[in-house]
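Results of the structural survey
The primary structure of each chain is shown beneath.
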Amino acid sequence: MADNVHSVANVAATLGEGALWFGDAVWFVDIKGQRVFRFDPAGGQLRHWDTPAQVGWVLPATMGGMIVGLQTGLFRFDPEAGSFALLHHPEPDQPGNRLNDATTDTRGRLWFGSMDNGESKVTGRLYRCADGTCVDTGLPAVAITNGPAVSADARTLYHTDTLGKVIWRVPIHDDGSLGKPVSHVTIEEGAGYPDGTVIDAEGCLWTGLYAGWGVRRYDPAGKLVRTVRFPVANVTKMTFGGPGLRTAYATTARKGLSESELRAQSQAGDLFAFDPGVAGLPVTPAKV
């Protein structure tokens with residue numbers, strides 16, 4: 001299958017992340033650059049907003065506007081006004097942490113993780129927000145939480161321990177509490193680190209590979225079924241967008257690359273697109 005991986009927006013993000021399709025556009029962030037981006041593929045227009053702290057992700061919200069995860073907590077983001085209003089800070093006692101990645105399930109529950117900003121201390125937790133309340137899910141702490149992703153029936157959570165190179169499969173009970181984690185995917189040595197994840201319409205999981213030069217697709221049993229190679233090393237997260245949600249968009253990063261590597265990877269940090277050969281699932285706005 002011809003992947004046709006190509007850059008669609010020259011961003012040169014230090015740490016591009018959080019690709020999301022909403023409102024006929026790709027939303028994503030540059031964590032270290034402290035910016036939220038919106039890319040309109042039809043018109044080729046790219047907009048950005050500066051954020052008051054490092055920003056891990058952006059998602060639509062039922063209350064209107066967007067919700068973003070900043071180092072200083074959950075904020076309501078109004079793109080029209082360019083304003084940010086604090087909603088909740090889950091970790092006021094962890095100033096060395098920041099929020100890193102998030103998703104919503106089909107019930108509108110928000111799942112998001114934190115991580116050590118220094119990428120070494122085991123202080124990252126996974127949280128769930130629903131009905132106006134945010135709680136620690138109780139999963140073991142890791143240095144860098146990633147993913148997360150939730151199955152279409154909202155009964156399975158996929159939670160990534162990036163430094164441990166493991167993507168965990170966790171049952172979700174009706175009340176939102178979690179069951180026992182089971183190893184779903186382990187990334188072998190030399191293949192990079194699992195980063196952001198997303199579920200497609202066939203129930204398969206895709207993960208970006210930081211320092212792994214691409215993305216991978218795993219079936220519901222955790223078997224590798226496809227690898228898509230990129231011209232840059234650090235691929236962080238992808239989303240499905242465009243007509244029928246049949247185009248894949250992926251964020252990438254320049255962080256950690258040497259000067260010689262940056263010269264060889266001139267498109268590092270850009271937003272890329274390719275043909276995934278499968279449709280994605282629509283994003284449910286967060287009910288917070």
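Details of the structure are given in the entry above.
For every chain, the first residue of the written sequence is number 1, and numbering continues from 1 along that sequence. Since the coordinates come from a predicted model, pLDDT governs what is reported: local features require at least 70, and pairs of side-chain atoms require 80 or more to be given and counted, while whole-chain, interface and lining totals use all residues. Only hydrogens and water are removed before side-chain values are computed, so all heavy atoms of the structure are retained for them.

Only DSSP runs of H or I covering at least 4 residues are called helices, and only runs of E covering at least 2 are called strands; the numbering of each starts at the N terminus. Looking only at helices and strands, the chain features one helix and 24 strands. A radius of gyration in this sense is built from C-alpha atoms; the matching globule rule multiplies 2.2 Å by the number of residues raised to 0.38. Expected size for 288 residues packed as a compact globule is a radius of gyration near 19 Å; at 17 Å, the chain falls within 12% of this value. Residue contacts follow a heavy-atom distance rule, with two residues in contact if any of their heavy atoms lie within 4.5 Å. In the chain, 46% of the contacts between residues at least 6 apart in sequence involve partners at least 24 apart. Throughout, the Shrake-Rupley method with a 1.4 Å probe supplies accessible areas, and for residues the shown protein chains are the sole cover considered. Carbon and sulfur atoms form 49% of the exposed surface of the chain, whose accessible area is close to 11500 Å².

On to unusual backbone geometry. The backbone of Ala-12 shows a phi angle near 55°, a positive value even though the residue is not glycine. Of note, Ala-12 is situated in the loop between β1 (6–9) and β2 (16–21). We note that Ala-211 has phi near 65°; this positive angle belongs to a residue other than glycine. If you trace the backbone, Ala-211 turns up in the loop between β19 (205–210) and β20 (214–218). Each residue is assigned to one of three classes by its accessible area relative to the maximum for its type, calculated with a 1.4 Å probe on protein chains only: buried under 20%, partly exposed between the two thresholds, exposed over 50%. On the basis of relative accessible area, Ala-211 is assigned to the partly exposed category, the value being 39%.

Bringing the sheet that holds strand β12 (residues 126–130) into the picture now. Note on pairing: DSSP must find at least two bridges between two strands before they are called paired. Read from one edge of the open sheet, four strands run β10-β11-β12-β13, paired in antiparallel fashion. Here the strands that pair on one side only, and so sit at the sheet edges, are β10 (97–104) and β13 (133–136). Taking the axes of each pair of neighbouring strands and ignoring which way they run, one obtains an average angle of 25° across the sheet. For β12 and β13, the ladder comprises four bridges, and the chain directions are antiparallel. Each bridged residue has a counterpart across the sheet, and for Cys-129 the counterpart in β13 is Cys-134. In this analysis an axis means a line fitted to C-alpha atoms, helices contributing only their contacting stretch, and an angle means the value between N-to-C directions, from 0 to 180 degrees.

Within the secondary structure, Asp-3 sits in the segment before β1. A residue is classified by how much of its surface remains accessible, and Asp-3, at 18% relative accessible area, is buried. Once residues lying within four places of it in the same chain are set aside, the contact partners of Asp-3 are Arg-226, Thr-227, Val-228, Arg-229, Phe-274 and Asp-275.

As for its position among the elements, Asp-270 is in the loop between α1 (259–264) and β24 (271–274). Look at Asp-270 and you get buried, because its relative accessible area is 4%. Along the primary structure Asp-270 and Thr-14 are separated by 256 residues, whereas in three dimensions their C-alpha atoms are 9.5 Å apart. In protein, a polar contact means a hydrogen-donor-capable atom and an acceptor-capable atom, both N or O and within 3.5 Å, with residues adjacent in sequence counting only if both atoms are side-chain atoms; elsewhere, any N or O pair within 3.5 Å suffices. Among the polar contacts made by the side chain of Asp-270, one reaches the side chain of Ser-7 at a distance of 3.0 Å.

Residues grouped as a nonpolar core are buried Ala, Val, Leu, Ile, Met, Phe, Trp, Tyr and Cys residues, joined through side-chain atoms within 4.5 Å. Membership of the largest hydrophobic core comes to 31 residues, with the highest contact counts inside it found for Trp-27, Val-36, Trp-57, Val-68, Phe-77, Leu-110 and Phe-112. Elements supplying a minimum of two residues to this core: β3 (26–30), β6 (55–60), β7 (66–70), β8 (73–78), β10, β11 (110–116) and β12. In contact with Phe-112, not counting residues within four places along its chain, are Trp-57, Leu-74, Pro-90, Leu-99, Asp-101, Ala-102, Arg-125, Leu-126, Tyr-127, Cys-129 and Cys-134. Of all hydrophobic cores here, the second largest spans 30 residues; its members include Ala-13, Val-198, Phe-230 and Ala-233.

Time to look at the pattern of salt bridges. Only one rule defines a salt bridge in this text: a Lys or Arg side-chain nitrogen within 4 Å of an Asp or Glu carboxyl oxygen. Inspection of every chain in the model, using the stated rule, returns ten salt bridges. Among the salt bridges present, the one from Arg-35 reaches Asp-50, with a minimum N-O distance of 3.0 Å. Separated by 15 residues along the polypeptide, Arg-35 in strand β4 (residues 35–40) and Asp-50 in strand β5 (residues 45–50) bring together distant segments of the chain. Looking at Arg-35, the relative accessible area reads 31%, which means it is partly exposed. With a closest N to O distance of 3.2 Å, Arg-155 and Asp-174 form a salt bridge. Of this pair, Arg-155 sits in the loop between β14 (145–150) and β15 (156–161) while Asp-174 is found in the loop between β16 (166–171) and β17 (182–186), placing the two residues 19 residues apart along the sequence. A network of salt bridges, in which partner residues are shared, links Asp-200, Glu-202 and Arg-217.

There is a patch of nonpolar side chains on the surface, built from Met-63, Leu-87 and Val-288 and spanning about 210 Å² of accessible area. With respect to the helices and strands, the residue Val-288 is situated in the segment after β24. Excluding any residue in a salt bridge, patches collect residues exceeding 30% relative accessible area, merging like charges within 9 Å and nonpolar Val, Leu, Ile, Met, Phe, Trp and Tyr side chains within 5 Å.

As a further point, take the packing of aromatic side chains. The rule is short: rings of Phe, Tyr and Trp, with Trp giving its six-membered ring, pair when the centres are within 6.5 Å, and they are stacked under 30 degrees, edge-to-face over 60, tilted in between. This structure, assessed with the given rule, holds eleven aromatic pairs. With a centroid separation of 4.8 Å and an interplanar angle of 15°, the aromatic rings of Phe-77 and Phe-84 are classed as stacked. The exposure class of Phe-77 is buried, given its relative accessible area of 0%. Any Lys NZ or Arg CZ found within 6 Å of a ring centre and within 35 degrees of that ring's normal is scored as a charge over the ring. Against the face of Tyr-193 rests Lys-165, its NZ or CZ located 4.8 Å from the ring centre.

Turning our eyes to something else, we now look at the pairing of strand β21 (residues 224–229). Two elements, β20 and β21, share five bridges in a ladder whose sense is antiparallel. If you follow Tyr-218 over to β21, its bridge partner there is Leu-224. Hairpin connection from β20 to β21: five residues lie between these consecutive antiparallel strands, with Gly-222 at a positive phi of about 90°.

Purely geometric stuff here, so don't read any function into it on its own.
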